[in-house]
Amino acid sequence: MAAAQAGTYDAIVVGGGHNGLVAAAYLARSGARTLVLEGRGKTGGAATTEAPWPEAPEFRVTRLSYVMSLLPPTIINDLDLARHGYKIWPMGPYYQAFPEGGSIKLYADDARRNHDEVSKWSKKDADAMPRWDAWLAGLADVLGPLLLTVPPNLGSHKPRDLRETLRLAWRNRGLDVRTIADVTRLMTMSIADLLDDWFESPQVKGALAVNGVIGTWAGPYEPGTAYVMAHHSIGDVGDGHLGNWGFQEGGMGAVSDAIAAAAIEHGAEIRLNAGVARILMENGRAVGVVLDNGDELRATVVVSTLHPRTAFLDQVGREHLPPDFAADIEHWKTRSGVVKINLALAELPDFTADPGSQLQEHHTGSVEMAPTMEYIERAFQDAREGRPAERPFSDGVIPTAFDKTLSPEGTHTMSLFTQWVPADWSEQPHTAELEAYTDRMIDCYNEVAPNFKASILHRDIVGPYQMEHEYGLIGGNIFHGELSLEQLFHMRPAPGYADYRTPVRGLYYGSSATHAGGGVCGIPGWQAARAAIADQKAARRPGGVRRLTRRS
Ligand SMILES: Cc1cc2nc3c(=O)[nH]c(=O)nc-3n(C[C@H](O)[C@H](O)[C@H](O)COP(=O)(O)OP(=O)(O)OC[C@H]3O[C@@H](n4cnc5c(N)ncnc54)[C@H](O)[C@@H]3O)c2cc1C
């Protein structure tokens, strides 16, 4: 793209989270003079590694997100991320030790051992497990490719939109009645009802329900949670293992660092502590940004990766948006009730069911506190009734089982992704109540691993208020917006604007609130950059149409 004067760029990316960095890397790679503006003192957003204890800087935690699954090989390869430090340790099994005694391990790809483990609780469920795995794999074959598909503008009669809709239908022409029925079930059922159709043992159902409620303002009995389970089960960390999650060496911040290094190598500039106050608008189009300090920076293309309420309502302004679109963004659902608890441990948990604090296989995967669906549901109902969960649910991991870069020799860090506190806790810090909630969470683990409480050296609690105010995750939602049915695919972030374009000419949108987000998958950033690059190319073509905006 053309050389520019100081303060003028081909592309400005607002937000240096992993999606902003991916967008910047692709834009820079296309030759655009690209600037990333990040409000915090570091890049990464929710994919960040930090040292939260000033008195113990040798402990680093993956402070918010904690495991990789959905980053597509296309992005990993295009940006040569392995050379920039992208290195994944595949996770060990799912592990739950039960308060009443016993435990279960579930493996991503070991049917024989799964059969043995599940047989401990139900022979019938053990026999059903291979069919369940095959059923899920079949659905992943359908849903996986959709993650990389730009959603068509359903309902539009414009020839281009009709063409895209037909193309999607044609690509899926091989689907039969059964598969369509299965997808319909997945999209509409609760994870509890779905699992009841397949399994009988409360322990097995508890284990399989976890993925249905991760980051979701919904208990396992809410319709739509079956899809959340599928979203979290499709993953491919680039090794071809569907649904097999992994730990990035150096924590999730190292994923962001690898993408940032690729962006910089392609010529992008990244500016930290550069909060954007608003999008600069002229004659109805985006022409740059105004920083918090009042500086104006201009660009042909602006890509925002902030939460949709911030990006559109605060930074563009309703006066520049079609009323329907503004109303859709205003009604965007963005609750989670999630609390992230990071711990520094002197030793590994010594489970009564599987004794020993030396490193064992059950420490290497997810170390859960989700003994039954009823337990998980109770935690949600507490929060829905306005109280923090009495006995919270937790998806725990111990990345230092593999990764020796995060803590001193012999010690560990543990990440507890816990739910739920009331959705409106994003409005106030609730500091003392979060401490009490954390005590209760730790007590739950201590019941099954009696050395746990005493092994904790430091603890760090990040609640919904901090997620919103420090990280820009409005409402504390971990994905910039709930993965509820009305906010998926062509509805993400709003009907008519799911193709990473916006109602504002020159402004593109690539946060986790678009299709394929959330999660650390980079797809929104990649797609937003592709849309901008395609429109720029079209505009330069002789007689080319300047399709710099999504029409309403
Ligand atoms: C507790 C938690 C656990 C999670 N666990 C997982 C997990 O294990 N695996 C997984 O795949 N996903 C997980 N997620 C979800 C995942 O982390 C997010 O979906 C993803 O990181 C969002 O990336 P993003 O680039 O779209 O947005 P963000 O990461 O939110 O990036 C936006 C960036 O914009 C910056 N910003 C905000 N306002 C401004 C402004 N005015 N000016 C300039 N910059 C600004 C922010 O500082 C931030 O860096 C988790 C999220 C949370 C919160």
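As shown above, the structure is provided for reference.
Described in the following lines is the structure provided in the data block. Only a predicted model underlies this, so the values are computations on that prediction, with no experimental measurement involved. (Residues numbered from 1 in each chain as written. Predicted model: local features only at pLDDT ≥ 70, side-chain atom pairs only at ≥ 80, totals over all residues. Heavy atoms only, no water.)

## Thoughts on the site of the ligand
In step 1: If you check the shell around the ligand, you find 34 residues, and the closest are Glu38, Val67, Val276, His480 and Val520.
In step 2: A distance of 2.8 Å is found between an oxygen atom of the ligand and a backbone nitrogen or oxygen belonging to Ala46.
In step 3: Tyr66 has a polar backbone atom sitting 3.0 Å from an oxygen atom of the ligand.
In step 4: Across the complex, the protein chains shield 93% of the 1000 Å² of accessible surface that the ligand would expose by itself. (Near = heavy atom within 4 Å. Polar contact = N/O pair within 3.5 Å; in protein donor to acceptor, adjacent residues only side chain to side chain. Areas by Shrake-Rupley, 256 points an atom, 1.4 Å probe, with all protein chains shown as cover.)

## Quick notes on the packing of helix α6 (residues 177-188) against helix α9 (residues 225-233)
In step 1: Between α6 and α9, the least distance of the axes is 4 Å, while the angle of their chain directions is 105°. The orientation of α6 with respect to α9, classified from their angle, is roughly perpendicular. In contact with Arg185, Leu186 and Met187 of α6, α9 contributes Ala226, Tyr227, Met229 and Ala230.
In step 2: Here the contact of α6 with α9 is composed, by residue class, of six nonpolar, no polar and one charged. (Axes fitted to C-alpha atoms, helices over the stretch in contact; angles between N-to-C directions. Helix = DSSP H or I, 4+ residues; strand = E, 2+ residues; numbered from the N terminus. Parallel < 35°, antiparallel > 145°, perpendicular 65-115°, else oblique. Contact = heavy atoms within 4.5 Å. Nonpolar A, V, L, I, M, F, W, Y, C, P; charged D, E, K, R; others polar.)

## Some words on the nonpolar core
In step 1: Among the nonpolar cores identified, the biggest contains 91 residues, and Trp132, Leu186, Leu194, Leu343, Met414 and Phe452 are the most heavily contacted of them.
In step 2: Top contributing element to this core by residue count: helix α4 (residues 123-147), with 10 residues.
In step 3: Setting aside residues up to four positions removed in sequence, Leu343 forms contacts with Trp53, His412, Thr413, Met414, Leu416, Ile442, Phe452, Ile456, His458 and Arg459.
In step 4: Within the second largest apolar cluster, 45 residues are counted, among which are Ala25, Ala32, Val255 and Ala260. (Core = buried A, V, L, I, M, F, W, Y, C linked by side-chain atoms within 4.5 Å. Buried < 20%, exposed > 50% of the residue type's maximum accessible area, 1.4 Å probe, protein only.)

## Considering the side chain of Asn477
In step 1: With respect to the helices and strands, Asn477 occurs in the loop between α16 (464-471) and β18 (507-509).
In step 2: A polar side-chain atom of Asn477 sits 2.6 Å from the main-chain carbonyl oxygen of Arg335.
In step 3: Contacts of Asn477, omitting those with residues within four sequence positions, involve Gly215, Thr334, Arg335, Ser336 and Glu482.

## Some words on helix α3 (residues 111-119)
In step 1: Of all the residues in α3, the buried ones are Asn114, Glu117 and Val118. Mapping the buried residues of α3 onto a view down its axis gives an arc of 90°, with all of them on the same face.
In step 2: Check the buried side of α3 and you find it contacts β7 (103-106), α4 and α8 (202-213). (Arc of directions from axis to C-beta.)

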